[in-house]
Amino acid sequence: MKKILSLSFLLLISTVLTLAQTPEELEISKTLSEFETAIVENNSKAASELLHDDVIILEGSNSETKEQYLSHHFHSDGKFIGAMNRELISERITIEGNVAWVSSQTKMTGVYNEREIDRTSLELAVLKKENGDWKIIALHWS
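Keep in mind the model is a prediction, meaning the values are calculated, not measured. (Residues numbered from 1 in each chain as written. Predicted model: local features only at pLDDT ≥ 70, side-chain atom pairs only at ≥ 80, totals over all residues. Heavy atoms only, no water.)

**Some details on the overall build of the protein chain**
Within the protein chain, the secondary structure is distributed over five helices and six strands. Shown N-terminal to C-terminal, the secondary structure of the protein chain runs as helices and strands in the order α-α-α-β-β-α-α-β-β-β-β. For the protein chain, buried positions account for 30% of its 142 residues. Partitioning the intrachain contacts of the protein chain with sequence separation of at least 6 by distance along the chain shows that 50% fall at a separation of at least 24. Carbon and sulfur atoms make up 55% of the accessible area of the protein chain, which totals about 9200 Å². (Helix = DSSP H or I, 4+ residues; strand = E, 2+ residues; numbered from the N terminus. Buried < 20%, exposed > 50% of the residue type's maximum accessible area, 1.4 Å probe, protein only. Contact = heavy atoms within 4.5 Å. Areas by Shrake-Rupley, 256 points an atom, 1.4 Å probe, with all protein chains shown as cover.)

**Points about the pairing of strand 1 (residues 51-59)**
In this structure, strand 1 lies alongside strand 6 (residues 133-141), joined through five bridges in parallel fashion. Its bridge partner being in strand 6, I56 is matched across the sheet by A138. Of the pairings in the sheet, the one linking strand 1 to strand 2 (residues 62-64) comprises three bridges and is antiparallel in character. Across the sheet, the residue bridging to I57 is E64, located in strand 2. Between strand 1 and strand 2, which pair antiparallel one after the other, the connecting turn spans two residues, and G60 there sits at a positive phi close to 60 degrees. (Pairing = 2+ DSSP bridges.)

**Observations regarding helix 2 (residues 23-40)**
For helix 2, with 18 residues, the first-to-last C-alpha span of 26 Å sits near the 26 Å given by 1.5 Å per residue. Of all the positions in helix 2, only E25, I28, S29, T31, L32, F35, A38 and I39 are classed as buried. Remark: N42 follows helix 2 within two positions and exhibits a positive phi of approximately 55 degrees. (Expected span 1.5 Å × (residues − 1).)

**Quick notes on the nonpolar core**
Soluble globular proteins: nonpolar side chains tend toward being buried together. Counting residues in each nonpolar core, the largest one holds 27 residues, and the members touching the most others are I28, F35, Y69, L127 and I136. The dominant element in this core, judged by the number of residues it contributes, is helix 2, at five residues. With residues up to four places along the chain from it excluded, the contact list for I136 reads T31, L32, F35, L50, L51, H52, V55, V126 and L127. (Core = buried A, V, L, I, M, F, W, Y, C linked by side-chain atoms within 4.5 Å.)

**Examining the packing of aromatic side chains**
Following the criterion strictly, the structure yields three aromatic pairs and no others. With centroids separated by 6.0 Å and ring planes inclined at 80 degrees, the aromatic side chains of Y69 and F74 adopt a geometry described as edge-to-face. Neither Y69 nor F74 differs from the other in exposure class; each is buried. Seen in terms of ring centroids, Y69 and W141 are 5.9 Å apart; in terms of plane orientation they differ by 50 degrees. Their pairing is tilted. A residue pair is termed long-range when its members are at least 10 positions apart, and Y69 in helix 4 (residues 66-71) and W141 in strand 6 qualify at 72 residues. (Phe/Tyr/Trp six-rings, centres within 6.5 Å; stacked < 30°, edge-to-face > 60°.)

**Considerations on the pattern of salt bridges**
Where charged atoms of side chains with opposite charge meet at close range, the side chains can pair. For the structure shown, the criterion picks out seven salt bridges. A salt bridge links E36 to R86; the nearest nitrogen and oxygen atoms lie 2.9 Å apart. Placement of the pair is E36 in helix 2 and R86 in strand 3 (residues 84-96), with a sequence separation of 50 residues. On the basis of relative accessibility, which here comes to 34%, the residue E36 falls in the partly exposed class. (Salt bridge = Lys/Arg side-chain N within 4 Å of Asp/Glu carboxyl O.)

**A closer look at the confidence of the model for the protein chain**
Of the residues in the protein chain, 87% reach a pLDDT of 70 or more, and the chain-wide mean stands at 89. Of all the helices and strands in the protein chain, helix 1 (residues 2-20) carries the lowest mean pLDDT, 46, while helix 3 (residues 44-50) carries the highest, 98. (pLDDT = per-residue confidence, 0-100.)

**What about the pairing of strand 3?**
Looking at chain direction, strand 3 and strand 4 (residues 99-112) are connected through twelve bridges and run antiparallel. Bridging across to strand 4, S90 finds its partner in Q105. Once strand 3 ends, the chain turns through two residues before running back antiparallel as strand 4, passing G97 with a positive phi of about 65 degrees.

If you want it as structure tokens, here you go:
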């Protein structure tokens, strides 16, 4: 019974948070969610369409362009993220004109390369709206 109540509470909270988002915030969240799905599904075409041509991706001690990321880390990121159970802890969206930045924390647990993983991941995404679409122009993962 406790499990059902806990699950019901989590569903209620996520519904309230979704309803509290503005249409622009929902579009931004959707873009980031679609990008994560593209990574997990190893769909570089879909990922490319969500990334701005001038995107900069910072991960670990690396800085990569769109082409560099899609031809290298993209594939290993998909394997890693696909193996993880992910729980969004927090997400904050700020919009100024045609630019938005999103900071989020995600709890990741699972097994990858025979190693047990239990960590909190931080992400800062910057998006730019061009021709009515939000494109990711900068990502920083740690």
